[in-house]
Amino acid sequence: MNTVAHLINGNEVNDDVRHQPVYNPATGQAEKQVALASKATVEEAVAAAEAAFPAWRNTPPIKRSRIMFRFKELLEQNAERICELIGQEHGKISHDAMGELQRGIENVEYACGAPELLKGEHSRNAGPGIDSWSEFQPLGVVAGITPFNFPVMVPLWMYPMAIVCGNTFVLKPSERVPSSTLFVAQLLHEAGLPAGVMNVVNGDKEAVDTLLHDERVEAISFVGSTPIAEYIYTTATAKGKRCQALGGAKNHAIVMPDADMDNAVNQLLGAAFGSSGERCMALSVAVAVGDDAANHLVGKLAEAMQSLKVGAYSDSSNDFGPVITRQHQEKVVGFIDSAEEQGAEIVVDGRQPDVSDYQEGYFVGGTLIDKVTPEMTSYQNEIFGPVLQVVRVNSMQEAMDLIDCHEYGNGTCIFTRDGEAARYFSDHIRVGMVGINVPLPVPVAYHSFGGWKRSLFGDLHAYGPDALRFYTRRKTITQRWPSAGVRENVQFSMPTMK
Ligand code: NAD
């Protein structure tokens, strides 16, 4: 059986004793295994990153940026191979994997602008003969810990910017989908990155805890579920590390009575069921304002869902694939059961989908649940599956209160033709990323990504301009060169420009 190993100091390393099977979620078969890094292996990766830092921090930004340009080309040239690896382990359909990769590449494109981004700020004559400037200095060794649902894109939110800012990096990807992440890191070396600047360790809690406790690691970027995000944030910050930890979500879409209903239905279908609902920006709750809007919406959704096609990643006519594990499939089905038991109406039931060629796969069909109320278990928790719930309310304010009360605040959207209502919504809603007739308001690479409330622990969002701030430490220098013979008098008061 093939073993997915680590990438340390530019070399494949595989001397761990612990391994875990990597399943193909469409077939339910383990076709590979992944090495689970021991403490010693992770420490070796951190040591490689630490050793590479002095030379890398002094490498001119334009040279770092040229490597990113080559990396972008290699990602494009190897797109099919990357998407095949994503499909084999994650199960997402090739067109969806291509979308993931493209979004990742856009982060590499942003990082190509390093020389411009790192210029800093300069003030001439801040005082008599005094110049002052602020510059962005790298932190040192930075670590990233990433989830299963975007094995290529989420790591690319992190390390291209961290690296062009002059840091060295240790990535701990999800152990459930290790191959595409590792392959992409190998391409970065093919693009000319010096050994040790970027290292990948596969593993589980042991690897994560080693990174959290290693004093040489200056900062940690994490993306995953909220309980783990909170653990990472509290542990890392208690150790004096800089940390950003992005967590889970429950994203609501308000459907106003004046919305273009056909458009809203199309948008909801893609955003609720694309990638089997395993996106942190998936729209999993539609909040219909008024019973007329709700009846209209549910009727149209139910009709449109008859043609949803669930199946294996290799058939690009499928709309979405399996969920990630057998255990997760059971969890998703359990949430649907609980909604039924607690009085909701299962309008379209995906608990026993017909995927006859893949009897052992972890499939859940598209599911629509109406008349969901806020006390229900299925409403309170992130399901992370192809399940769309409808909550009925009487006013837009009631819809907004519902969203504001939820513990998560990652993304949200409103479908309406009323510009004033949309503006009020985006102004006041307590959610980090807002769509107006846009179902997946994932910011483009030159803005930053992050939720509010328990969807993000830390101050700075992921990628874009916030990444420059997160991966650098600001230093401000104030300088004067006195002309020969001129000396300042002693001055005991605070210097001012009065
Ligand atoms: P997860 O929290 O189980 O795992 C994320 C990472 O943490 C993995 O690398 C994993 O190995 C590690 N990990 C897991 N348990 C750990 C433990 N006990 N101690 C230390 N490390 C541990 O998340 P997942 O199931 O891989 O991903 C799905 C979750 O990620 C969902 O909740 C989803 O909403 C969230 N997510 C959030 C965003 C965002 O930007 N906010 C993006 C993608 C995914």
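Description of the structure in this document. (Residues numbered from 1 in each chain as written. Predicted model: local features only at pLDDT ≥ 70, side-chain atom pairs only at ≥ 80, totals over all residues. Heavy atoms only, no water.)

### Topic: the overall build of the protein
And then number 1: Along the protein, the regular secondary structure elements total 16 helices and 23 strands.
And then number 2: Rg of the C-alpha trace for the protein: 25 Å, near the compact-globule value of 23 Å for 498 residues, within the 12% margin.
And then number 3: Within the protein, the fraction of its 498 residues that count as buried is 57%.
And then number 4: Considering only intrachain contacts with a sequence separation of at least 6, the fraction spanning at least 24 residues in the protein is 74%. (Helix = DSSP H or I, 4+ residues; strand = E, 2+ residues; numbered from the N terminus. Rg over C-alpha atoms; globule rule 2.2 N^0.38 Å. Buried < 20%, exposed > 50% of the residue type's maximum accessible area, 1.4 Å probe, protein only. Contact = heavy atoms within 4.5 Å.)

### A word on the sheet that holds strand β1 (residues 2-4)
Where strands meet in a sheet, backbone hydrogen bonds hold them as pairs that are either parallel or antiparallel.
And then number 1: Ordered in space as β1-β5-β4, the three strands form an open sheet in which the pairing is mixed. In this open sheet, the two edge strands, each paired with only one partner strand, are β1 and β4 (19-24). Each adjacent strand pair in this sheet contributes to an overall mean axis angle of 40°, direction not counted.
And then number 2: Two elements, β1 and strand β5 (residues 29-35), share three bridges in a ladder whose sense is parallel. Bridge assignment links Val 4 to a residue of β5, and that residue is Val 34.
And then number 3: Along the sheet, helix α3 (residues 79-90) contacts β4 and β5; its crossing angle with β4, the most-contacted strand, is approximately 100°.
And then number 4: On top of the sheet, helix α7 (residues 178-190) reaches β1, β4 and β5; it is set at about 65° to β1, its chief contact. (Pairing = 2+ DSSP bridges. Axes fitted to C-alpha atoms, helices over the stretch in contact; angles between N-to-C directions.)

### Topic: the site of the ligand
And then number 1: Neighbouring the ligand are 26 residues, the closest being Lys 172, Glu 175, Ser 225, Gly 247 and Glu 382.
And then number 2: Within the contact set of the ligand, an oxygen atom lies 3.0 Å away from a backbone nitrogen or oxygen of Phe 148.
And then number 3: Within the side chain of Glu 382, a nitrogen or oxygen atom sits 2.6 Å from an oxygen atom of the ligand.
And then number 4: In the complex, the protein chains occlude 89% of the 840 Å² of accessible area that the ligand would expose alone. (Near = heavy atom within 4 Å. Polar contact = N/O pair within 3.5 Å; in protein donor to acceptor, adjacent residues only side chain to side chain. Areas by Shrake-Rupley, 256 points an atom, 1.4 Å probe, with all protein chains shown as cover.)

### Remarks on the sheet that holds strand β6 (residues 121-127)
And then number 1: An order of β6-β7-β23 is seen for the three strands of this open sheet, with the pairing classed as antiparallel. Two strands lie at the open edges of the sheet, namely β6 and β23 (472-480), each paired on one side alone. Across the sheet, the mean angle separating the axes of adjacent strands is 25° when strand polarity is ignored.
And then number 2: Examined bridge by bridge, strand β7 (residues 130-138) and β23 share nine bridges and lie antiparallel to one another. Looking at β23, one finds that Ile 130 is bridged to Arg 480.

### Topic: the pairing of β4
And then number 1: The pairing of β4 with β5 spans six bridges and is antiparallel. Counted as the bridge partner of His 19 is Ala 35 from β5.
And then number 2: Between the antiparallel neighbours β4 and β5 lie four residues, among them Gly 28 with a positive phi of about 75°.

### Things to note about the nonpolar core
And then number 1: Counting 70 residues, the largest nonpolar core has Phe 71, Leu 75, Trp 157, Tyr 159, Ile 163 and Met 198 as its most contacted members.
And then number 2: When residues of this core are assigned to their parent elements, the largest contribution, ten residues, is made by helix α6 (residues 153-164).
And then number 3: Built from parts of two domains, this core gets at least three residues from each of domain 1 (3-247 + 455-477) and domain 2 (251-436).
And then number 4: With near-sequence residues (within four places) excluded, Phe 71 lies in contact with Val 108, Leu 156, Tyr 159, Val 184, Leu 187, Leu 188 and Ala 191. (Core = buried A, V, L, I, M, F, W, Y, C linked by side-chain atoms within 4.5 Å. Domains from an automatic or database assignment.)

None of this, on its own, says anything about what the molecule does.
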